[in-house]
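Chain by chain, the residues:
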Amino acid sequence: LDARISLPTRALRSAATMVVAADVSLPKDFPIVESKVQRPGTSSHLQAAVEHVSSGSGDLPLEELKPLLRILIECIARTYDPTVRKQASALWRALLARGGKMVFEGCMAAMMQISKRASSPTAYCTAFSWACDLTAAAALPADGTLHPHFAKLVGMHAGLLGKMATSDSKPAMLSASLNRARVSLSRFKGGDLSKKRVFTGAGEKILDLVAGYKDVTDLIGGVHLASAFFAPRNGEVKATALAGAKPKLVKLYKEAVLDATQGQDGRKAPPQLLAAFAVALKMLDHDDLAVLVPDMVHVCRRTPDLALAPLAASVLLLSADTSRYVDQLSPVVCERITTDKFRADCLAVVRALAVQSTDTSVLVELGQGLLKVLQGKGTQGQLKNWQERQGPFEALHALLLLSKGSGMVSLAADLCSPVVQLTDKEANEETKCMALRLLGTITRRTGDPTPECQKLFAKVLEGPSDLVRATALDALSEALKSTDARGAAGEMCAPLVKLTQTAEKKATLRGDAMRALRLLVLLATADAGASKKLTEAKVLPQLLGAGSHLLPLCGHDAISGTVTERQLLDLAEAVDISLREPFEGFNDRPSLVAFLARLLCHPLYSAHSAAAAAVKALAGDMPLLTALVAEICTLLAASLASEAARKPDQERDPDATHPRECFRRAILAAVPGLPPAPLLARLLLATHSKLLVSVSADGTEESGCWARLEARYPKGGEKGCLQEVL
């Protein structure tokens, strides 16, 4: 009944609006149109105004121009409505098409008001489009000189671009706006737009204007606008054009980013301003940086709280190799990294230098300087508290992790023994965890887990702290990414085995036992001695055999928060390795299938995907695949029974994956590409019908498992297998 009433009601309202629009007599009724702008249904009034303006030619009378401009100013607040935005843009273009000095000056004044009233990304983009239309329609002098309103037009473009860059506007929207502004402003030098070339003349004039901007938003937009004229498009910019523009861009960067941090009113350059200088920074070569880097160092020493973060962002934007400047920036980092206030910014600088430098020898010197700071041999002297030690630990970890050069192996070898000693003495848990992560990366880079390092990890694994133990398992996982480290870390088997045995009695350690199991399996595949210890301790029968205490923790109905995603992924990898490479003393493949079935049905898609990869180890083994499908069907029956017993007032988590969807994807992953008829028959008989064919609320059938399985068969005789099963 509501639908039958609402449709005629909407039609009547639309008809009434059309009648009102048809009754409007322009220009007499311009005040009526202006009063209707902020109300729904104004598009027809705007259409009438567009038709009125388009029907005439020549200059508009002042008494008509003023209300039209007021209408457009009011429309900018309603540009979220696509119809209003379209009609208002059409009215703006119709006004500009009439031409004349009065229209141009009136539109210039209106654009100033429109720029102030725009308050959303859509409004900014619409206003910028109108500004480009105004710029393109501006009358040019015959001699090709700059228009007298050029500076105002550039300021208008810069202000709107700055608002777009600092708002939630999409990057594609900003890029398209820059391209359009570049074309429209290039006309002021009388350029031939039919030729694919860069109009650098107007760009240099814009740079001169932007240099005088004080407002940060205008400066962001102005730098974007000026850089657009020198960015490589349709070919490289000519060297002669860059010769005049690059010094101006460098000077503008120094004034807007470096010099702005000085004095009582000093400010930090916002990220949007640094992004605007991306084109300028990519142009810089070593001759430019040789002049600029000393200024950067000087500013960072005077105002590190304002200059360090922009320095890191600027280094990442450079296209030149920064290896030759690491020795100038290293003292600044080593001096400030122990201060909690500057630690994050110093780490950002270290990460940027590690990524942008190809010469690892200078990074090794930086790492050795950070080690001296940790040992109390730096300018700070002996470090007094644990907060001061966190920065150097994290910086060393970033260096070894981000720099891929083989030269960093020597740094890792030099760090191993001192870091082990510092980690062993560390009393603060948070700092100790940072040091353990660093040790894991050191071991991965060297491929040599030293005896003192293995002894430290064994001590930590047996300690009382859950946080430190979990971090040690993370560090060992990082270390064992190296195949050389796996073959030399046999001494880690004993503490890992002890952890799995303790987990049998202490339930809180069972999640860590999953991670320890994966590490033990990796060690056993690379070292015969570790494999022998694993067999003697009977770890695999205990953790992966029948009656394992880990099995209930990986089911669909496991208590939320019992195990983490990382622990489930490690368990899935351990099951996968055990299926592909059977170990001596353990060949209980049906128990491994039970683990796979629960992981395949898990709500976490990452756990399901890891188990689906492990299912490939069962390819061709039809008895195990049949057992896997039967186990999934058993779990489904239990889930459906639990669902039926759920009270009506118990609401389901809307973000949680529905159990039927979990079982659907589990069956699709478990059944091979072209399943034989007996397996399909077992699936059809043992599985609930709603799993095979989804039924929506209105009774229509949706695509379920059966339709997806049927789609795997090619058209032809193979489908007879499906008909036989049915």
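None of the values given here were measured: they were computed from a predicted structure. In this convention, every chain numbers its residues from 1, walking through the sequence in written order. In keeping with the predicted nature of the model, local features appear solely for residues at pLDDT of at least 70, side-chain atom pairs appear and are counted solely at 80 or more, and the whole-chain, interface and lining totals rest on all residues. Neither water nor hydrogens contribute to the side-chain values; these are computed over all heavy atoms in the structure.

**What to know about a nonpolar patch on the surface**
A cluster of nonpolar residues, Leu 316, Val 355, Leu 401 and Leu 402, forms a patch on the protein surface that exposes about 300 Å² of accessible area. By the element assignment, Leu 316 lies in helix 16 (residues 304-317). Relative accessibility thresholds used throughout: buried, under 20% of the residue-type maximum; exposed, over 50%; partly exposed, between the two (1.4 Å probe, protein chains only). Residue class for Leu 316 comes out partly exposed when judged on its relative accessible area of 47%. To count toward a patch, a residue needs a relative accessible area above 30% and no salt bridge. Like charges then connect within 9 Å, nonpolar side chains (Val, Leu, Ile, Met, Phe, Trp, Tyr) within 5 Å. Areas reported here follow the Shrake-Rupley algorithm with a probe of radius 1.4 Å; residue values treat only the protein chains shown as occluding. Between Lys or Arg on one side and Asp or Glu on the other, a salt bridge is scored when a side-chain nitrogen of the former is within 4 Å of a carboxyl oxygen of the latter. In DSSP terms, a helix is any run of H or I states spanning at least four residues, a strand is any run of E spanning at least two, and both are numbered starting from the N terminus.

**As for unusual backbone geometry**
Despite not being glycine, Lys 538 shows a phi value in the positive range, around 55 degrees. Positionally, Lys 538 belongs in the loop between helix 28 (528-537) and helix 29 (539-544).

**Side note on the side chain of Asp 345**
Locating Asp 345 in the fold gives a position in helix 18 (residues 343-356). Lys 268 provides the closest opposite charge to the buried, unpaired Asp 345, separated from it by 4.5 Å. Contacts are assigned to residue pairs with any non-hydrogen atoms lying within 4.5 Å of each other. With sequence-adjacent residues up to four places away left out, Asp 345 is seen in contact with Lys 268, Asp 305, Leu 308 and Ala 309. When charges are counted, Lys and Arg are positive and Asp and Glu negative, with His and the chain ends excluded.

**Notes on the pattern of salt bridges**
Scanning the model with the defined rule gives 23 salt bridges in all. Of the charged contacts, one joins Asp 208 and Lys 248 as a salt bridge, the two residues approaching to 3.3 Å between their closest N and O atoms. Of this pair, Asp 208 sits in helix 10 (residues 200-210) while Lys 248 sits in helix 12 (residues 239-258), and the two are 40 residues apart along the sequence. Linking Arg 515 and Asp 474 is a salt bridge whose minimum nitrogen-to-oxygen distance equals 2.3 Å. Linking Arg 515 in helix 27 (residues 510-526) with Asp 474 in helix 24 (residues 466-479), this pair joins segments that are 41 residues apart in sequence. Judged by its relative accessible area of 7%, Arg 515 falls in the buried class. Residue classification places Asp 474 among the partly exposed positions, given a relative accessible area of 36%.

**A short note on the side chain of Ser 227**
Topologically, Ser 227 is positioned in helix 11 (residues 216-227). Not counting residues within four places of it along the chain, the set of residues in contact with Ser 227 comprises Leu 249, Ala 276 and Val 279.

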